[in-house]
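# Report on the structure
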Amino acid sequence: MNRSVFQAAGIVLLSGAVYAQTLGFGFVWDDARNIVNNPGLGRAGALLQTVTNLNPQHLTYRPLLDLSFALDYKLWGLSPFGFHLTNVLLHAAATFLVLQVVLCLTTSSRIALSSAAIFGVHPIHTEAVAWIAGRSDLLVTLFTLLSLFSYLKSFSKTGGKAWLWMTAAWTGFALALLTKETAIVLPLLLVVGLYLVKPQNRASALIHLSVMGGLALLYLGLRGPSLAASHFHAFRETIPAAVFLIGEYLRLLIFPFPLKPLYELPVLSLGDPKVMQSLMIVIVGLVALGYAFAKESVLFAGMAWALVALMPSFALTLYNSVSPIAERLLYLPSVGFALACAAVWVKTSNRLEEKTGTASWRIPLSLLGLFLLSLATMRSNTAWIGDETLWKHAVSQSPQTVLAHRNLADYYLEQKQLQKAIEHYKQALSLKEDDVDSHYNIGIAYLDQGDLDTAIAHFKDALTRQPRHSDAYTNMAYAYHLKKRDDLALESIRKAIEANPSSAVAHNSLGNLWAVQGLWHEAAEQYRIAVALQPTYREAETNLRNAVMKEQQE
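Keep in mind it's a predicted model, so treat the numbers as computed, not measured.

## What about the overall build of the protein chain?
When you go through the protein chain residue by residue, the secondary structure sums to 26 helices and zero strands. Overall, the protein chain is about 95 × 55 × 40 Å in size when its C-alpha atoms are taken along their principal axes. Taken over 554 residues, the protein chain has a buried fraction of 52%. For the protein chain, long-range pairs separated by at least 24 residues make up 69% of all intrachain contacts whose partners lie at least 6 apart in sequence.

## A closer look at the packing of aromatic side chains
Tallied over the entire structure, the rule returns 16 aromatic pairs. A centroid spacing of 5.6 Å and a plane angle of 70° characterise the contact between Phe 27 and Phe 83, whose relative ring orientation is edge-to-face. One end of the pair, Phe 27, is in the loop between α1 (3-17) and α2 (31-36); the other, Phe 83, is in helix α5 (residues 80-106), and 56 residues separate them in sequence. The exposure classification of Phe 27 matches that of Phe 83, with both residues buried. A centroid spacing of 6.5 Å and a plane angle of 20° characterise the contact between Tyr 195 and Phe 293, whose relative ring orientation is stacked. In this pair, Tyr 195 is assigned in helix α10 (residues 186-196) and Phe 293 in helix α13 (residues 273-295), connecting sequence segments 98 residues apart. Among the residues examined, Tyr 195 registers a relative accessible area of 26% and is labelled partly exposed. The class for Phe 293 is exposed, based on a relative accessible area of 53%. Linked through ring pairs, Trp 29, Trp 131, Trp 384 and Trp 391 together constitute an aromatic cluster. Here the basic side chain of Arg 362 rests over the ring of Trp 361, its NZ or CZ set 5.7 Å away from the ring centre.

## Remarks on a nonpolar patch on the surface
Judged by side-chain polarity, Met 276, Leu 279, Met 280, Ile 283 and Val 287 come together as a nonpolar surface patch covering roughly 440 Å² of accessible area. Mapped onto the elements, Met 280 comes out in helix α13.

## Thoughts on the layout of surface pockets
To find leftover empty space, a probe the size of one water molecule is rolled over the atoms. Volume-wise, the second largest pocket comes out at about 1000 Å³. Lining of the second largest pocket is provided by 32 residues; of these, Ser 114, Ala 117, Trp 345, Ser 366 and Leu 370 occupy positions nearest its centre. No other element matches the ten residues that helix α16 (residues 362-381) contributes to the lining of the second largest pocket. The residue inventory of the lining of the second largest pocket, partitioned by class, reads 21 nonpolar, eight polar and three charged.

## Section: the nonpolar core
Tyr 151 and Trp 305 are the most contacted members of the largest nonpolar core, which totals 82 residues. Setting aside anything within four residues of it in sequence, one finds Tyr 151 in contact with Met 166, Ala 169, Leu 190, Leu 194, Ala 205, Leu 206, His 208 and Leu 209. Counting 60 residues, the second largest nonpolar core, distinct from the first, contains Val 28, Ile 442, Leu 452 and Leu 463.

## Notes on helix α8 (residues 135-154)
When the terminal C-alpha atoms of α8 are compared, their 29 Å separation across 20 residues agrees well with the 28 Å that a helix rising 1.5 Å per residue should span. Judged by how many residues are buried, α8 sits mostly within the fold: 18 of 20 residues are covered.

## Side note on the pattern of salt bridges
Tallying each qualifying case throughout the model produces 19 salt bridges. Between Asp 72 and Arg 135 there is a salt bridge, with its nearest N and O atoms 2.7 Å apart. Placement of Asp 72 in helix α4 (residues 63-76) and of Arg 135 in helix α8 is noted, with a sequence separation of 63 residues between them. For the pair shown, Asp 72 and Arg 135 are each scored as buried. Arg 406 is paired through a salt bridge with Asp 437; the nearest N and O atoms lie 3.4 Å apart. Here the residue Arg 406 occupies a position in helix α18 (residues 402-414), and Asp 437 occupies one in helix α20 (residues 436-449), the gap between them amounting to 31 residues. Linked by salt bridges that have partners in common, Arg 406, Asp 435 and Asp 437 make up one network.

## Some thoughts on empty space enclosed by the protein
All chains considered together, the criterion is met by one cavity of 30 Å³ or more. Approximately 30 Å³ is the volume attributed to the largest cavity. Lining the largest cavity, in full, are Asp 137, Thr 182, Ser 313, Leu 329, Leu 332 and Pro 333. Split into classes, the residues belonging to the lining of the largest cavity amount to three nonpolar, two polar and one charged.

## Description of the environment of Asn 543
With respect to the secondary-structure elements, Asn 543 resides in helix α26 (residues 538-553). The exposure class assigned to Asn 543 is buried, which follows from its relative accessible area of 16%. Along the chain, Asn 543 and Ala 523 lie 20 residues apart, while their C-alpha atoms are 8.7 Å from each other. If we ignore the near neighbours within four places in the chain, the residues touching Asn 543 are Asn 508, Asn 512 and Tyr 527.

## Some thoughts on the side chain of Glu 248
Tracing the backbone shows Glu 248 in helix α12 (residues 238-254). Not counting residues within four places of it along the chain, the set of residues in contact with Glu 248 comprises Ser 278 and Ile 325.

## Quick notes on α26
For α26, spanning 16 residues, the distance from its first C-alpha to its last is 23 Å, which sits close to the expected 22 Å at 1.5 Å a residue. Regarding α26, the residues found buried are Ala 540, Asn 543, Leu 544 and Ala 547. Down the axis, α26 shows its buried residues gathered within 105° of arc, on one side only. Among the exposed residues of α26, those pointing more than 90 degrees away from its buried face are Arg 538, Arg 545, Gln 552 and Gln 553.

## Examining the confidence of the model for the protein chain
Averaged over every residue, the pLDDT of the protein chain is 91; residues scoring 70 or more account for 93%. Note that pLDDT drops below 50 for residues 231-236; the model gives that stretch 13 contacts with residues more than four away or on any other chain.

The rules we used
Residues numbered from 1 in each chain as written. Predicted model: local features only at pLDDT ≥ 70, side-chain atom pairs only at ≥ 80, totals over all residues. Heavy atoms only, no water. Helix = DSSP H or I, 4+ residues; strand = E, 2+ residues; numbered from the N terminus. Buried < 20%, exposed > 50% of the residue type's maximum accessible area, 1.4 Å probe, protein only. Contact = heavy atoms within 4.5 Å. Phe/Tyr/Trp six-rings, centres within 6.5 Å; stacked < 30°, edge-to-face > 60°. Lys NZ or Arg CZ within 6 Å of the ring centre and 35° of its normal. Patch = residues over 30% accessible without salt bridge, like charges linked within 9 Å, V, L, I, M, F, W, Y side chains within 5 Å. Areas by Shrake-Rupley, 256 points an atom, 1.4 Å probe, with all protein chains shown as cover. Salt bridge = Lys/Arg side-chain N within 4 Å of Asp/Glu carboxyl O. 1 Å grid on protein atoms, 1.4 Å probe; cavity = no way out; pocket = protein on both sides within 12 Å on 5 of 7 lines; lining within 4 Å. Points joined across faces, edges and corners; volume = space filled by probe spheres on them. Nonpolar A, V, L, I, M, F, W, Y, C, P; charged D, E, K, R; others polar. Core = buried A, V, L, I, M, F, W, Y, C linked by side-chain atoms within 4.5 Å. Expected span 1.5 Å × (residues − 1). Arc of directions from axis to C-beta. pLDDT = per-residue confidence, 0-100.

Given below as structure tokens:
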């Protein structure tokens, strides 16, 4: 084996090693919805339904992501270790493919190794790798790189082998589209590849590129309506927000500090200092892009890759009402950024070598850079250990973000640390007085504390802002019952069922009210409805048996 092979193996191992600590992390944030509380995760029928469901009203269509979670569940159950292991392995595989793709694009082992090294340890990837739900960006990048690599390899083949590689390229694109919507940019990334690589049979390369474009158009035809309905309904103040977001994404690639689980998008104007700062970053980027186009083809290709790959992510975040910036969306764009950085590093080091007459400093300096980036990444990883550390970090980094306080409060509520939960719900409400979820959840906290009047007041606040909040009616009914006001409890629970007739909890609660009054027949009827609506509702099943027994004894 030559030295390049050992270097490549070392880089791939390093890319996995910097995330080895995440193997001991737990499930956080959306992992609860996607994995822990996902009743269909281990059911083949539910998975088949996910694959075949192309309902245009659905926000996402990512069957391969769901399949990967299902496979992990089959292997590991609900042990987070296995899910994190898959993420680490996917990142290491993506790093290896970055090396192979850049080698095809530039034929320079030094640029390829440098690109893979920068990509492998860049701190901006923390969210995508350390958070299990960030896997969609790992998978879409992996399949995109696989498709591009296969496309480039076909240039050096003829006859059946060329078609075999192109089939692999089309397959990789299809798999990427079935993983995440951002894969739609692949045909444009192929154009970036053609800018650097000049195939002998250019006509054949363009024909195959057209096939990729056709797949993209077919995907847009199938998924376009749902994407438009889901993402283009809350257009923000466009120009200032657009400038701010572009600048922030570029800044995070260049200087990924501090990293945050949540980013706020304040009300902005063109004269806002944050917008002006972002505008300067954008202007400098455009000037650099123009220079690279005229002087440095590899640098230009890397910058163009980053911008092209960022396009769909930028469009999605511009209309995102939860967090306008998501670090995981930079996973695919960072491939281009790593290529651009590698091009600058190799050219600069070559010039220094010519001037100094020695290259003895090159390896120690490279290792120092990788060491510092690795330390930064490992430090960033620690925020994702569990929900408490994640949301404490979010509150410290984004103290004016409602969701950060609310999510930390939700964690404390689940842990029955009621006073801490109430404190952060109050913080959330001070930032957004009409936040329905905070009013509802702080009502639950006060209910658990026994402060019934305050709980009822917050349930009413939630209902004022969301009149058909069935759960608020249900819990308010319970609070009234504890106050010995079953007349008001009955009124509230009937409103809960009117708001959501399919709420098994509400029907069970109504059954409980009838049972307290000794109306066992009416109680049994409500319990039956609850069990029919939710067959796994054990409490309703037990209540139904007791009610039937009491009814028979009368």
